[in-house]
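Structural overview
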Amino acid sequence: MSQPRQLVQPLLQQFQELFVISKLVGVLPQDLEQLRQKHALEKSRNGMFYMLGVLVFYVLLYNLLIFWFGAEDTSLKASQSTLTFVIGLFLTYIGLIMMVTDQLTGLLNQGQLGELYERIRQVDERLYLEQCLVDNSSISKRIRVMIALTFIFEISILVSTYIKLVDYTQVLSLLWILTAIPTFINTMDKIWFAASLYALKERFEAINATLEDLVAEHERYRDWLYKAENKFSDETEPPQYDSNLEYLYKELSGMDRASAGKNKVAPIAHSLNSFGESVQEPRKLQRANTNRMINLAPESELSNAAKVEVKLNNLCQVHDEVCEIGKAMNGLWSYPILALMAYGFLIFTAQLYFLYCATQGQIIPSLFRTAKNPVITAIFLMYTSGKCIYLIYLSWKTSLTSKRTGISLHKCGVVADDNAVYEIVNHLSLKLLNHAMDFSACGFFTLDMETLYGVSGGITSYLIILIQFNLAAQQAKEAIQSFSSFNETAGLVGAATEIDNVSSTLYSLVTTMMTPISLT
Amino acid sequence: MQAIGLIPLNRQLAESSVIMDYALMLIMPILYLICYLGINLSQTFGLPFLDACNSVCRLSNNLFMHLGAFLYVTIIVLSLYRRKNFFVEFETRLKEIDAVIKKCSKIAELEKIRVQAVKHSVSYHFTWIFVCCTFTFALYYDTKELYITFGEYAFIPFMVSSFPYLAGSIIQGEFIYHVSVISNRFEQINKLFEKINQEARLRNAPLTVFDIESEGKKQQKKGTATTKETLANEEKLANEMKRQKSKPAQNEDDENEFNSSEEEEDDIFDYNDGLMSENPNNTSEANLPDLFQLHDKILSLSVITNAEFGPQCVPYMAACFVVSIFGIFLETKVNFIVSGKSRLLDYVTYLYVIWSFTTMVVAYIVLRLCCNANNHSKKSAMIVHEIMQKKPAFMLSNDLFYNKMKSFTLQFLHWEGYFQFNGIGLFALDYTFIFSTVSAATSYLIVLLQFDMTSILRSEGLMTDIKLNSEASMNP
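All values reported here derive from a predicted model rather than from experimental measurement.

About the criteria used
Residues numbered from 1 in each chain as written. Chains lettered and ligands numbered in written order. Predicted model: local features only at pLDDT ≥ 70, side-chain atom pairs only at ≥ 80, totals over all residues. Heavy atoms only, no water. Helix = DSSP H or I, 4+ residues; strand = E, 2+ residues; numbered from the N terminus. Buried < 20%, exposed > 50% of the residue type's maximum accessible area, 1.4 Å probe, protein only. Contact = heavy atoms within 4.5 Å. Areas by Shrake-Rupley, 256 points an atom, 1.4 Å probe, with all protein chains shown as cover. UniProt positions renumbered as here; feature names shortened; annotations may be inferred. Salt bridge = Lys/Arg side-chain N within 4 Å of Asp/Glu carboxyl O. Polar contact = N/O pair within 3.5 Å; in protein donor to acceptor, adjacent residues only side chain to side chain. pLDDT = per-residue confidence, 0-100. Patch = residues over 30% accessible without salt bridge, like charges linked within 9 Å, V, L, I, M, F, W, Y side chains within 5 Å. Core = buried A, V, L, I, M, F, W, Y, C linked by side-chain atoms within 4.5 Å. Buried area = accessible area lost by both parts, 1.4 Å probe. Nonpolar A, V, L, I, M, F, W, Y, C, P; charged D, E, K, R; others polar. Expected span 1.5 Å × (residues − 1).

Overview of the overall build of chain A
Across its full length, chain A holds 19 helices and two strands. Here chain A, with 520 residues, has 52% of them falling under the buried criterion. Within chain A, residue pairs in contact and separated by at least 24 positions form 84% of the contacts whose partners lie at least 6 positions apart. In the structure as shown, chain A presents an accessible area of about 24,000 Å², 63% of it carried by carbon and sulfur atoms.

Right, here's the structure in full:
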């Protein structure tokens with residue numbers, strides 16, 4: 001181990017599998033060996049060149065794909081449904097744009113990302129000194145679940161579309177596989193964000209839990225005092241040993257009582273580096289345990305104003321630092337998130353609109369052929385919206401958890417009911433109030449559930465309007481057709497769309513606006 | 001309610017057979033699912049499969065049915081998820097809170113004010129009568145029409161038409177009940193705060209400053225001592241509660257249909273013992289730390305309640321929204337033009353209107369109560385600020401009370417940022433939600449009313465000679 005004095009397991013240890021995949025597909029350029037050895041993300045020149053190469057390769061291939069499948073769209077142009085055509089045209093490149101944003105941001109931020117995780121590690125160390133450990137093991141489980149879900153969704157969409165909707169007799173139709181690449185890369189990038197965000201949320205929860213534990217401990221202490229006033233009882237007070245024996249005592253008998261006791265200090269035993277640091281670990285553990293033992297004989301920290309001031313101050317500083325990390329993280333991912341949200345919104349609307357078009361028997365752009373099948377559409381929408389909603393939900397939850405700290409802090413004050421403690425708490429509380437952490441996408445909108453509500457409303461209203469226009473256009477077309485059977489000149493307009501595109505659109509616009517009157 | 005399967009049986013008992021309780025919850029949903037699937041798979045007993053039902057009728061009926069299924073299934077899943085221990089926890093926490101409130105009101109000698117306060121206003125009873133009437137009418141109309149159409153099989157289509165909305169409304173009723181309990185506690189706390197506030201005004205005389213110095217210290221001691229007396233007090237209070245139970249309750253019975261017997265006790269607060277003498281030295285500011293803790297406890301209780309019922313609000317509000325929009329749409333575009341032509345069509349449109357009205361009433365009550373609870377909790381902070389501004393005597397003695405109150409108001413600021421009644425964060429449950437939904441509904445309606453229904457109606461043979469009239473109404 002290159003770093004001998006690591007108190008805590010670094011967070012990045014949980015990210016190893018994810019990093020290998022991201023490195024492979026070109027989401028992140030950092031050095032793999034450094035991560036394996038030092039658990040740190042380091043800049044890597046080779047990785048950068050590899051990623052740039054991958055990026056160019058993807059862009060070229062994707063353009064080839066668009067060129068190949070765009071050839072099928074001539075009938076769409078001819079069929080005169082301008083709205084569908086224009087929407088298809090606009091959204092052709094949105095997936096690519098999203099992917100390029102992700103990759104370029106990954107390239108630009110390659111140094112800062114490492115710093116971010118280093119800061120998280122430092123926070124962990126400080127939390128450890130305050131006797132609250134954060135359990136990182138659930139993060140790797142989450143990452144695995146998310147990766148598995150990504151693969152399931154991508155593969156099911158890809159395979160079902162390929163079998164059902166793509167003409168696989170031609171060799172070049174294999175290009176269709178490329179459509180999965182932008183979404184896949186994007187998802188990998190967002191899993192990084194989601195997992196890190198979840199880690200931050202856990203930090204906040206750990207801080208809150210520590211504060212709540214202080215309160216509970218003090219209440220126990222008060223009860224004990226109350227009882228002690230009535231009658232002296234031996235049961236509540238454990239026998240006093242010297243500090244070495246206390247550890248033994250705890251090992252032998254007090255395990256249950258100790259775990260029910262003060263902080264839920266999870267033993268660090270599951271960490272891998274305990275093998276390398278076997279000399280270091282037990283001393284630390286013992287220190288934590290002796291504290292617990294002392295606390296077991298109810299001596300609340302909250303009754304000691306000086307001690308509590310240090311503790312609360314430290315916790316607030318850690319909270320501040322976590323907030324800062326959150327802001328930094330939000331800054332790093334702001335453009336990718338904005339791109340993702342824009343993508344989610346547009347694609348969701350377009351997919352539903354194309355689904356409607358397909359059910360009406362109209363031609364839809366070939367890149368959106370998934371919309372021809374309702375089941376595939378449902379899976380696709382679930383995948384896209386799941387990505388967006390999960391990020392939004394997580395940001396919202398994290399921000400709420402950070403706000404919760406203030407409440408827990410005040411509980412400490414109220415339960416201690418001491419003037420000095422009140423003063424500390426009030427001071428820190430004001431500080432916390434100013435540390436509101438809100439995640440936003442480039443500052444355009446905050447990432448919370450209210451935005452989701454607004455967006456869902458937006459999608460519905462756009463969808464209704466789009467369908468309305470589509471209906472009107474269909475009716476106009478029918479009107480033209482019936483009209484052309486009477487009038488030869490009108491027939492000319494209908495047939496010569498390619499020459500006279502402008503006039504025909506104008507004509508359909510006029511008829512569109514007139515339909516409500518003309519058809520009744 | 002337990003029979004309809006929305007709440008686990010024996011919800012107040014912590015230990016009882018789990019299987020029995022939850023099995024009962026499953027009866028109704030299974031029955032519903034059988035009816036729903038039966039109608040959709042066998043294509044009988046459903047309105048859409050009758051010959052008399054035209055395309056508009058079929059479409060709207062299908063929408064109503066599937067929307068109801070969505071509502072019911074989400075609600076049932078969420079209530080299965082919501083375990084019994086919520087109810088147990090709610091009750092235990094409530095009892096704790098009530099015990100402290102009683103203790104505080106004893107110290108504050110609030111019993112005389114209390115006597116008048118229990119009475120509910122006329123609007124409260126009126127609301128209940130109104131809601132009951134709406135529901136009875138809705139159910140009566142639906143069953144009557146279905147009975148005419150299907151005879152003795154009317155139960156099956158009824159299960160898919162009205163029942164989901166009824167179940168959803170009942171869940172909301174439960175939410176309403178819990179929120180009203182919370183709101184009630186906030187009111188009580190506010191009264192206690194107000195009492196301190198009034199006393200502060202009375203005792204502001206500068207002459208008594210010297211006395212107060214010692215008194216303040218006394219009270220401070222008392223403040224810490226009271227917390228230790230909690231256990232002893234609780235026993236006393238329990239006895240008192242029993243005594244009160246035996247007394248004939250002369251208060252207005254404000255119970256709604258959801259209230260349990262426990263709730264009745266909670267609302268009776270008049271200590272008519274007359275044993276407590278008017279002691280001018282007995283001060284209520286000793287309550288302050290307890291009150292602050294109480295406020296905090298009630299707020300965390302509302303967090304739990306909101307976590308339980310908030311998610312169920314979302315499908316309900318969505319269903320209410322959709323039904324209302326389509327209700328207006330069908331009423332103006334179909335029923336207004338061709339009413340009386342087809343009985344089934346009329347039935348479906350009226351069903352929409354009736355249920356949109358009913359769900360809107362329930363949604364409104366939910367919003368109003370949540371808003372009330374929020375306002376009450378805000379008011380406490382305001383009162384505390386008022387007390388602080390008056391600089392009453394007990395604050396002169398030391399900084400402790402000042403810091404305490406400051407801490408409380410600061411904590412409330414944190415709470416404000418952290419919690420509000422909401423539906424999983426999507427929207428806040430207060431009047432702003434009404435505004436946003438109304439504006440959204442307006443824009444949807446404007447778009448929806450552009451749909452050209454006349455050709456459809458004409459092809460169904462519903463409209464022949466009134467073409468000119470309809471044209472006039474289409475193009476304002």
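Text resumes after the structure shown.
Digging into the UniProt feature "transmembrane region" (unreviewed entry) in chain B
All names here are of chain B. Listed under "transmembrane region" (unreviewed entry) in the UniProt record, and renumbered for this structure, are residues 21-43, 63-81, 122-141, 153-177, 313-330 and 350-370. Annotation note: span residues 153-177, helix share 88%, strand share 0%, distance between end C-alpha atoms 35 Å. Annotation note: span residues 350-370, helix share 100%, strand share 0%, distance between end C-alpha atoms 30 Å.

Quick word on the pattern of salt bridges
All names here are of chain A. Evaluation of the coordinates by the stated rule reveals 17 salt bridges over all chains. For the salt bridge of glutamate 118 with arginine 121, the shortest nitrogen-to-oxygen distance reads 2.8 Å. Separated by three residues within a single helix, glutamate 118 and arginine 121 lie in helix H7 (residues 110-129), roughly one turn from each other. Between aspartate 124 and arginine 203 there is a salt bridge; the shortest N-O distance is 2.5 Å. With aspartate 124 in helix H7 and arginine 203 in helix H9 (residues 180-230), the pair connects residues that are 79 residues apart, well separated along the chain. With relative accessibility at 1%, the residue arginine 203 sits in the buried group. Residues joined in a network through salt bridges with shared partners are Asp102, Asp189 and Lys190.

A closer look at the side chain of glutamine 411 of chain B
Structurally, glutamine 411 of chain B can be placed in helix H14 (residues 400-418). Of note is the side chain of glutamine 411 of chain B, whose polar atom sits 3.5 Å from the backbone oxygen of isoleucine 407 of chain A. Leave out the neighbours within four places in its chain, and glutamine 411 of chain B touches Ile407, His410, Lys411 and Val414 of chain A together with Asp296 of chain B.

Brief notes about the confidence of the model for chain B
Residue and element names in this part refer to chain B. In the predicted model, chain B carries a mean pLDDT of 74, and 70% of its residues have values of at least 70. In this model residues 205-282 is a low-confidence stretch, pLDDT under 50, and it forms 106 contacts with partners more than four residues away in sequence or in other chains. Between residues 465-476, whose pLDDT stays under 50, and residues either more than four places distant or in other chains, the model counts 12 contacts. We note a pTM of 0.78 for the whole complex and an ipTM of 0.76 for its interfaces.

Digging into a nonpolar patch on the surface
A grouping of Phe151, Ile155, Val159, Ile163 and Tyr168 of chain A is seen on the molecular surface, where their side chains present a nonpolar patch of about 470 Å² in accessible area. Since its relative accessible area comes to 41%, valine 159 of chain A is described here as partly exposed.

What about the nonpolar core?
Formed by 218 residues in total, the largest nonpolar core has its most connected members in Phe15, Tyr117 and Trp192 of chain A. A per-element tally of this core places helix H12 (residues 343-390) of chain B first, with 22 residues. Met28, Met65, Ala69 and Met159 of chain B belong to the second-largest nonpolar core, a separate cluster that totals 13 residues.

Overview of the interface of chain A and chain B
The interface is formed by 37 residues belonging to chain A together with 39 residues belonging to chain B. Interface area for chain A against chain B, summed over the two sides, is near 3,600 Å², with a carbon-plus-sulfur share of 63%. Along the contact surface separating chain A from chain B lie zero salt bridges. For the interface between chain A and chain B, the tally reads 11 residue pairs in polar contact (both at pLDDT 80 or more). The dominant element in the side of chain A that touches chain B, judged by the number of residues it contributes, is helix H17 (residues 449-486) of chain A, at 11 residues. Of the residues assigned to the side of chain A that touches chain B, the class counts are 19 nonpolar, 10 polar and eight charged.

Description of helix H6 (residues 94-108) of chain A
Residue and element names in this part refer to chain A. In this model H6 runs 21 Å from its N-terminal to its C-terminal C-alpha over 15 residues, within 8% of the 21 Å that 1.5 Å per residue would give. Counted residue by residue, H6 has 11 buried out of 15 residues, so it is predominantly covered. If you check which residues of H6 are buried, you get Ile94, Gly95, Leu96, Met98, Met99, Thr101, Asp102, Gln103, Thr105, Gly106 and Leu107.

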